[in-house]
Every structure is written in structure tokens, then in C-alpha cells.
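# What the coordinates show
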Amino acid sequence: MTSGAELLVRGLEARGVPVAFGLPGVHNLAAWKALAGSSIRLIGVRHEQTAVYAADGYARATGRAGVAITTTGPGAANTLGATGEAWASGSPVVVIATDIPSGLRRPGVYRGVLHEATDQAAMFAPVVKESIRVSDAGELEQAALRALEAAVAPPSRPVYLEVPTDLLSAAAEASPGLAAPGERELSFPTDEELDRAVELLDSAERLLVWAGGGALRANAGDAVGALAERLAAPVLTTYMARGLLGHYHRCAVGMPPHMPQVGALWDEADAVVAIGSDFDGMTTQNWAMSQPQRLIAINVDPADASKNYEPDLVLAGDARAVTTALTERLPERGGVDGLARRLDDLRADVRGQLEREHPDEVRFLDAFAAAVPDEAIVVADMCIPGYWLGGFHSVSGPRKLAYPMGWGTLGYGFPLAIGAALAGAGPAVSVSGDGGFLYACGELATVAQERVPITAVIVDDGGYGMLRFDQRHAGDPPFGVDLESPDFAALAASFGIQAETVDGLGDEFSTALRRQIRADEPSVLVARAALEPPPTTSPRWYRRPR
Ligand SMILES: Cc1ncc(C[n+]2csc(CCOP(=O)(O)OP(=O)(O)O)c2C)c(N)n1
Ligand SMILES: [Mg+2]
């Protein structure tokens, strides 16, 4: 006889899930038993937050759903920060959690059953797009399929799947139960709407393309690049879409709008085409960028496209398909060579300014770029070096930079890199501060045991450097922001992981980093250094927030 857990795992296998991240409890052991006999690799993590961060890392690296499995109550609750980050970043993660035995549940009453919460699904409600609660073991295969499909269906976001523990071990017969998920038809703009877009662009002279996470998740890089060439328009990206056009596309600005030279492209534009963006606050300096004269938004979710700026026209649908359809209707404007030269000059100007104002930080960016091969996935945590990479690292292609912006979730870098490294898309390099790394330093054990190809960089400035800066900026003395560092290299070595420490973030750092990444096995690189925050961080924004 088949168990509910076997049906659940069968559903995951049917969608080709290669890896799941989890931590066992007495409530979910039946799932462990089913996983043991499956094709799915179970990565046992040391804290449930890592299960979801790693699932998110897998999702960001591949575009496919990442799967996390926890036990009831505290195990489920431990994932919430990570699930919130995945939600804010539009990452397709499936969180599978058990609940107390269905026969012991009395609705609305906390009885004191092991791990009981009065309403576990309610904890997840603000950070998932859908909650699926299974009430019959026979539904579990369909429930798994539906959860995986719902998570990736645009706009992608986490899905919560809850299974009372007794259903996992119950003998079960597959029943359709939930409606079988089908391919959801996305809407597509009418000919009239596309014509109207052409008209709006026709009457404009200075065009700008703005691409966000929706463009990345729709694999619309080629389509966005083709539109930009057709219009001879520069392309700005949000953090989520960094790398969309790769290093060298002629229309890619490759610098953040927080630099005045780059922001000027927005101010001067008389028409903006925004693709897959909700114009988040961290990119727009909390909307201090003005409403464009004309704004056309391409978005699978018209409400998301319209909540922060007011589009003259929304073309609703898949970013790739709609962008391609629009491009086909547009005449070639010419002038891409001139644009490319202008953007070269602009980047040189920005770089010159950064070199004058932040020489150590530019040296770090250069040292990092020289060491990291194009195929590597860079995972930047909420730390000052992470902010520099998030804004200014030249990202080799789509899905090659993960940045928690998003929710601004400190501590996500190292655990998220576990999933990114196991995605088979290249080695992962996480960059954390001394504060953020300690959130999940127990995962050194996971990384060692599973031989996950991660290079974890820790930039140790002896404290919460960003908060130290915030206090200084406010004219206050440092308080509660200095930290005593452990010997991170010795810590890593105690887990059996190769580690070394360097001073500064220059040549010695670069050489060590290159060597570690090439070694293709877990390693830790500690750099003792302190950087100043970049112009992309909110206390340094050049525009005055409205
Ligand atoms: C979950 C969470 N808690 C707290 C913060 C606030 N926070 C942002 S940056 C930061 C300091 C991080 O210190 P560290 O990792 O050492 O990096 P550094 O700023 O020193 O470069 C803190 C506490 C946050 N963003 N997320
Ligand atoms: Mg620090």
C-alpha cells in the first residue's frame, strides 16, 4: 500500500524536482522515509530558515520551484523570514510543512499538542501567494503538483503546502482531489493597445527602457535587448533584473539610477517603457524619481505595474511575448552606435567619480570581478560589500546575482548560496559581513557534509558596519553596533572546510578568492576590512525622498 508521503514525493518527482531542503521532526519522518527511496536528493540543513533560503537560491539560479520541507509549529515558523524574502523577491518556493494530527485538532482551541499552533497557515498568509491545506492523504500527489505549478505561474511567489502528520503515514490511494493544474493562459494585449503603444513611442524623442524582476523571470533578456536596439534606448534595470542583458549589450547602462549621471537618463526621457517592474522604493529612492512624461508598462500583473507610477498604457501579459510583439511593430530608429558611445562615456564618468570618492571600494569591486568567473552565481548579503556588489558588480548574465532586495533580509547570503550552488548552474560565491554570516554559520556543517561548491566570503569589519554608518550619519556615537568576531577561519576549519584569512580587499584577496572558487569545493575566505556604504544605500541617496 502506498503512503500519503509517497504520493507527495511522487508528485515532486513527476515535476523533476532534483533536490529538497529540510529538517526532520517526528511529524514529517514519513516524508523522509519516502524521500529515501526517491530520486530526490535531500539536503539536511541545520535550521529551517536555511531550508527556505536554499530553496530560494535554487529558484533564483534556475527559475524553477525550490522545495523546502519542515516539521510542524516551530519548524514551520522558523522559515518565515526566508519565506518573506522569497515573497518580496518573487521567488517560486514551495514550503511544505506538517501540522498536528488531524484527529487531535479542535478548531480555534490551543490544546497543547506537541508543536501545535492555532492557525499555522495564517502565519504564512502575508508571505505566500497561495496556501494549500490537504485533508485527505489521497490528494497529496495532486497537491504537490499544484503547489509547484502555482509557485512558478507568473507572477511567481512562494506557496505553502500544509499536511497534517497523520496523512503522511496513512495508507492512501491517489485521488484527483484537487483540480489538476493546467497551463494557465496569460492575457495578451489587443492590436489596438499595441498600436497605441507604437503611437505613444512615435511621438517621443528620448526613450528609456526600464526592466525589472518580471522581465528576468520571464526570460525576456533577448526581447528587452531587441526592443532597446530597435528604439536606440538605454536600458536601466532594477536590482532584481541585474544581469538581464549580460556584460556587454550596447544598450545596457549597467549602473544604478542612484548615480546622478544615470538618474539623468530617467529625468531626460520623454517616454519610458517599463517591463516587469513595480518600481520598488529601493530602486526609485522611494519614488523621488518623477513621474515620466509618457509611461508604457508591460506586466503580467497590471495592478503591480500601476501602484507606484501611473502608466499611460499597460500592456498586460508575459514580458517576453509582449515585448517581442511590440518590437515587431516599431520602426528601427537607428543610432545605437551613438548610444553605445554615450553609455561608455557615462560609465567612465561614473567610475571616475567613484574612484575619487571611494577608492577602496572600487578596488574591492575590481578585485572581486577579477576573481569571479562568468559562470559563478554571486550571492550578496545585506552588508556594505554586498551593497556595492548589488549596485555596481558587472553581472555576467541573468540569474548570476542574487540580492535580498526584496525584503532586505540580513543573513540570507550564505544559506541562500547552498541552493544556488546545487542548481548546477555554476559555483556560488556568497558575500556576507561578520554580522550576517553568524545567522547561519551552523550551515558550515551542511556545506561540509554535502560538499556543496560554495566559496563563502566574510568581510569582517568587527560590527554592524551599516548601522555604525547610520549612527555616524545621524551624529550619534556608535552604540550596540560593535561586535567581537570569532576566528571565522578556525570556525570553518573545525567543520572540515578549507579557510583562510587575508587583510584588506585588494590583490591578496583577489588571488585567494580566485584560487578558492577554482578549487570547486567548499571554502571560506575571511577578509579583515571595512568599507564605506555606496551611493545606492538610502542615507546616501542623491534625490530627496518625497
Ligand atoms: C533580518 C534583518 N535584521 C536586521 C537587519 C538590519 N541590518 C541591516 S545591515 C545590518 C548590519 C549587518 O552587519 P554585517 O553583516 O557585519 O555587515 P556590514 O554592515 O558590517 O558590512 C543590519 C543589522 C536586516 N536588514 N535584516
Ligand atoms: Mg560587519
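Reading the values: rules and limits
- Residues numbered from 1 in each chain as written.
- Chains lettered and ligands numbered in written order.
- Predicted model: local features only at pLDDT ≥ 70, side-chain atom pairs only at ≥ 80, totals over all residues.
- Heavy atoms only, no water.
- Axes fitted to C-alpha atoms, helices over the stretch in contact; angles between N-to-C directions.
- Helix = DSSP H or I, 4+ residues; strand = E, 2+ residues; numbered from the N terminus.
- Parallel < 35°, antiparallel > 145°, perpendicular 65-115°, else oblique.
- Contact = heavy atoms within 4.5 Å.
- Nonpolar A, V, L, I, M, F, W, Y, C, P; charged D, E, K, R; others polar.
- Near = heavy atom within 4 Å.
- Polar contact = N/O pair within 3.5 Å; in protein donor to acceptor, adjacent residues only side chain to side chain.
- Expected span 1.5 Å × (residues − 1).
- Buried < 20%, exposed > 50% of the residue type's maximum accessible area, 1.4 Å probe, protein only.
- Phe/Tyr/Trp six-rings, centres within 6.5 Å; stacked < 30°, edge-to-face > 60°.
- Core = buried A, V, L, I, M, F, W, Y, C linked by side-chain atoms within 4.5 Å.
- Domains from an automatic or database assignment.
- Pairing = 2+ DSSP bridges.

A word on the packing of helix H16 (residues 336-357) against helix H17 (residues 359-371). Direction vectors running N to C along H16 and H17 enclose 120°, while the axes themselves pass 5 Å from each other. When the interaxial angle is binned, H16 and H17 end up oblique. In contact with Arg 351, Leu 354, Glu 355, Arg 356 and Glu 357 of H16, H17 contributes Pro 359, Val 362 and Asp 366. Tallied by class, residues from the contact of H16 with H17 come to three nonpolar, no polar and five charged.

Around ligand 1 lies a shell of 18 residues, among which Gly 408, Asp 434, Gly 435, Gly 436 and Gly 465 are the nearest. Gly 435 places a main-chain nitrogen or oxygen 2.8 Å from an oxygen atom of ligand 1. Among the residues forming the shell around ligand 1, the class breakdown is 10 nonpolar, six polar and two charged.

A separate point is H16. Compared with the 32 Å implied by 1.5 Å per residue over 22 residues, the 31 Å span of H16 between its first and last C-alpha is a close match. For H16, the complete set of buried residues consists of Val 336, Leu 339, Ala 340, Leu 343, Leu 346, Val 350, Gly 352, Gln 353 and Leu 354. Residues of H16 that are buried sit in contact with helix H11 (221-231), helix H12 (260-268), H17 and helix H18 (384-392).

Summed over all chains, the structure comprises 13 aromatic pairs. Plain terms: the ring middles of Phe 279 and Tyr 309 are 5.1 Å apart, the flat faces sit at 75° to each other, and that makes the pair edge-to-face. Within this pair, whereas Phe 279 is found in the loop between strand E11 (271-275) and helix H13 (281-284), its partner Tyr 309 is found in the loop between helix H14 (302-306) and strand E13 (313-316), the two being separated by 30 residues in sequence. The exposure classification of Phe 279 matches that of Tyr 309, with both residues buried.

Next up on the list: the nonpolar core. Nonpolar side chains in soluble globular proteins tend to be buried together. Ranked by internal contacts, the top residues of the largest apolar core, which has 96 residues, are Val 224, Leu 326, Phe 368, Phe 509 and Leu 513. When residues are assigned to domains, this core turns out to be shared by domain 2 (191-343) and domain 3 (358-540), each giving three or more. In this structure, Phe 368 is in contact with Val 378, Leu 389, His 393, Val 429, Val 431, Phe 509 and Leu 513, ignoring residues within four places of it in sequence. Formed by 49 residues, the second largest nonpolar core is a distinct cluster that contains Phe 21, Leu 422, Ala 423 and Ala 428.

The next thing to look at is the sheet that holds E11. Read from one edge to the other, the open sheet built from five strands follows the order E10-E9-E11-E12-E13, with strand pairing classed as parallel. Either end of the sheet is taken by a strand with one partner, and the two such strands are strand E10 (235-237) and E13. When strand polarity is set aside, the average angle formed by the axes of neighbouring strands in this sheet is 20°. Here five bridges tie strand E9 (residues 207-211) to E11, and the two strands are oriented parallel to one another. Bridge pairing in E11 links Val 209 to Val 273. Of the strands in this sheet, E9, E11, strand E12 (295-299) and E13 are in contact with helix H9 (residues 191-202), which crosses E13 at around 135°.

Such coordinate-based values are descriptive only and should not be taken to indicate function.
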